[in-house]
Amino acid sequence: KVAQTGAPMNEKDETTYKRLLDKSQEAFLLAIELYNRPTIRYHAEGCCFFLCNAWELMLKAYLVKHEGGQSIYYSDGVRTLSLSDCLKRIFTNENDPLRRNMDVVVEFRNTSTHFVTDEYELFYGPVLQESVHYYEEKLRELHGIEISDRIPEKYSPTCFIVAGCRASSHAW
């Protein structure tokens, strides 16, 4: 279930909303591109960093649109919400498969950011693919945007993570 409220956007919020969505989609495409570079050994971790960034920016855009620009800040008015806090505010059911998937993705991101992780390709590949699927679905549902419109027709991914493809099994 998606938490929903309504607030009209002023010009500043409209600009912020558009910038967040644009940067979110760029980060998403970078995540896919990076994962699909088999010569980069750090590709799963790098994909995860950009995928988390894409999610966080998309969810902040949603909050700006529905609750106003101040809604993406903590009470100190300086720091913006973390990805985990955005997920909790928008997707309120902690047992939802999307939330469970994103908990694993965020954990992988945090571990990879602060320490060296083993290459768990067999585990994280399907988890990242499922997150890609959920991102595409929620970008469409929450913002009316088809990410496939931003992928050139000549681009033909040759590896594992593909926009428009859903993982065949849940790894979490």
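All of these numbers come straight from a predicted model, not from anything done at the bench. (Residues numbered from 1 in each chain as written. Predicted model: local features only at pLDDT ≥ 70, side-chain atom pairs only at ≥ 80, totals over all residues. Heavy atoms only, no water.)

Chemist: Requested: an account of the nonpolar core, with residues and values cited.
Modeler: If you look at the biggest cluster of nonpolar residues, it comprises 45 residues, and the most contacted ones within it are Phe 28, Trp 55, Leu 59, Leu 83, Leu 87, Phe 91 and Leu 128. Of all the secondary-structure elements, those providing two or more residues to this core are α1 (11–35), α2 (43–67), α3 (83–90), α4 (97–114) and α5 (121–143). Take this core: its biggest share by element is 14 residues, from α2. (Core = buried A, V, L, I, M, F, W, Y, C linked by side-chain atoms within 4.5 Å. Buried < 20%, exposed > 50% of the residue type's maximum accessible area, 1.4 Å probe, protein only. Helix = DSSP H or I, 4+ residues; strand = E, 2+ residues; numbered from the N terminus.)

Chemist: Could you give an account of the packing of α2 against α3, naming the residues involved and the relevant values?
Modeler: Where α2 meets α3, the closest approach of the two axes is 9 Å, and the angle between their N-to-C directions is 45°. Accordingly, the angle class assigned to the pair α2 and α3 is oblique. Both α2 and α3 take part in a crossing whose hand is left-handed. Only Leu 83, Cys 86, Leu 87, Arg 89 and Ile 90 of α3 make contact with α2, whose side of the interface consists of Cys 52, Trp 55, Glu 56, Leu 59, Lys 60, Tyr 62, Leu 63 and Glu 67. (Axes fitted to C-alpha atoms, helices over the stretch in contact; angles between N-to-C directions. Parallel < 35°, antiparallel > 145°, perpendicular 65-115°, else oblique. Left-handed = near helix turned anticlockwise from the far one by under 90°. Contact = heavy atoms within 4.5 Å.)

Chemist: Give me the pattern of salt bridges: which residues, what numbers.
Modeler: Following the criterion strictly, the structure yields nine salt bridges and no others. Across the pair Lys 18 and Glu 14 runs a salt bridge, and its minimum N-O distance is 3.6 Å. Note that Lys 18 and Glu 14 are positioned in helix α1 at a spacing of four residues, about one turn of the helix. Residue Lys 18 is classed as exposed on the basis of its relative accessible area, which comes to 52%. The exposure class of Glu 14 is partly exposed, given its relative accessible area of 29%. With a closest N to O distance of 2.6 Å, Glu 56 and Lys 60 form a salt bridge. Pair noted here: Glu 56 and Lys 60 are both in helix α2, with a separation of four residues, about one helical turn. Pair check on accessibility: Glu 56 and Lys 60 agree, each one buried. Taken together, the salt bridges that share partners define one network made up of Asp 22, Glu 26 and Arg 150. (Salt bridge = Lys/Arg side-chain N within 4 Å of Asp/Glu carboxyl O.)

Don't take any of this as a statement about function, it's just geometry.
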